[in-house]
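Architecture and fold: a report
Chain residues, written in single-letter form:
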Amino acid sequence: FSPLFAEKARHVFAVEPDDRLRLRAMERVTREDHARVSVMTGSAGRVFLPDSSVDIVHARFAYFWGPGCEPGLSEVARVVRPGGTAFIIDNDDTQGTFARWTGRSSTYAPRDQPAVERFWREQGFEVERVGVELRFGFREEFSRVVRNEFPAELAEDIVSEHGGSSLTFSYALLLFYRAY
C-alpha cells in the first residue's frame, strides 16, 4: 500500500519487522522509483521515528489480538502528531466467507471478537465494520490467494468447494480509528 499512499502523502515510512519482506519491499520501491517511500526496520512496538513526527498511522493486520498490543499502541501515540489519526485494520471473524474459512483452519486461533472490540473502544478507538468482496479475473489468482492464506489441505478443500466459475468471496474487516 505504500506506493498508493505516496501518491498523496509528502512521504511514507513503511515499517517492516521481517528482514526478507523488508528487503523485497525496498527492492520494489527502488525498481518502481517511489522516491517518497522509505522502508525501514521496526515493529509495532518499536518504530524508529521521532516523537510527534507523522500525521497518519496505517496498520493493516499488525494488531490482531487487541489485549496485549499496548506497547504498539504506546508507540503509535508517541509518533503521531497532535491532530493526527491512527487507522488499524483487522479481520472481522464474525462475518463473510473468509471468516468461515478461518474458522476451519488450525492456523487461525479463535478470538473473543466482542472482547477485542471492547478493548479497542477502551483504548479510545472508534470501530467500523467494512464489507469487502474480493473478485479475481482468473481461477489461478483465486487459488493462489487461498493457498497463501491457509494450510495446504484446507486450501485445496476450499478451492475445490468454491468451484465452477465463482471467483469471488466476501471478506469482512474491522476499521479501528482514533484521532490524537
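See the structure shown above.
Since we're looking at a predicted model, the values are computed, not measured.

Let's shift gears to the side chain of H162. The residue H162 is located in the loop between α7 (152-161) and β8 (168-179) in this model. For H162, a relative accessible area of 17% puts it in the buried group. Those residues in contact with H162 that lie beyond four places of it in its chain are W101, R139, F142, T168 and F169.

Another aspect to go through is the sheet that holds strand β6 (residues 80-91). The strand order β5-β6-β8-β7 describes an open sheet built from 4 strands, whose pairing is mixed. Two strands close off the open sheet at either side, each with one partner strand: β5 (54-60) and β7 (126-135). Adjacent strand axes in the sheet meet at a mean angle of 20°, parallel and antiparallel pairs treated alike. As paired strands, β6 and β8 are joined by 7 bridges and run antiparallel to one another. Residue I89 lies in a different strand from β8, and its bridge partner there is L175.

What follows deals with the pairing of strand β2 (residues 37-40). Alignment of strand β1 (residues 12-15) against β2, held across 4 bridges, turns out to be parallel. Each residue of the ladder has a partner; that of V12, found in β2, is V37. Since β1 and β2 lie parallel, the crossover through helix α2 (residues 19-31) that links them has a hand, and here it is right-handed.

In this section: a nonpolar patch on the surface. Taken together, F1, L4 and F5 make up a surface patch of nonpolar side chains, about 310 Å² in accessible area. Relative to the helices and strands, F1 resides in the segment before α1 (2-6).

Calculation rules
- Residues numbered from 1 in each chain as written.
- Predicted model: local features only at pLDDT ≥ 70, side-chain atom pairs only at ≥ 80, totals over all residues.
- Heavy atoms only, no water.
- Helix = DSSP H or I, 4+ residues; strand = E, 2+ residues; numbered from the N terminus.
- Buried < 20%, exposed > 50% of the residue type's maximum accessible area, 1.4 Å probe, protein only.
- Contact = heavy atoms within 4.5 Å.
- Pairing = 2+ DSSP bridges.
- Axes fitted to C-alpha atoms, helices over the stretch in contact; angles between N-to-C directions.
- Right-handed = clockwise from strand over helix to strand, strands pointing away.
- Patch = residues over 30% accessible without salt bridge, like charges linked within 9 Å, V, L, I, M, F, W, Y side chains within 5 Å.
- Areas by Shrake-Rupley, 256 points an atom, 1.4 Å probe, with all protein chains shown as cover.
- Salt bridge = Lys/Arg side-chain N within 4 Å of Asp/Glu carboxyl O.

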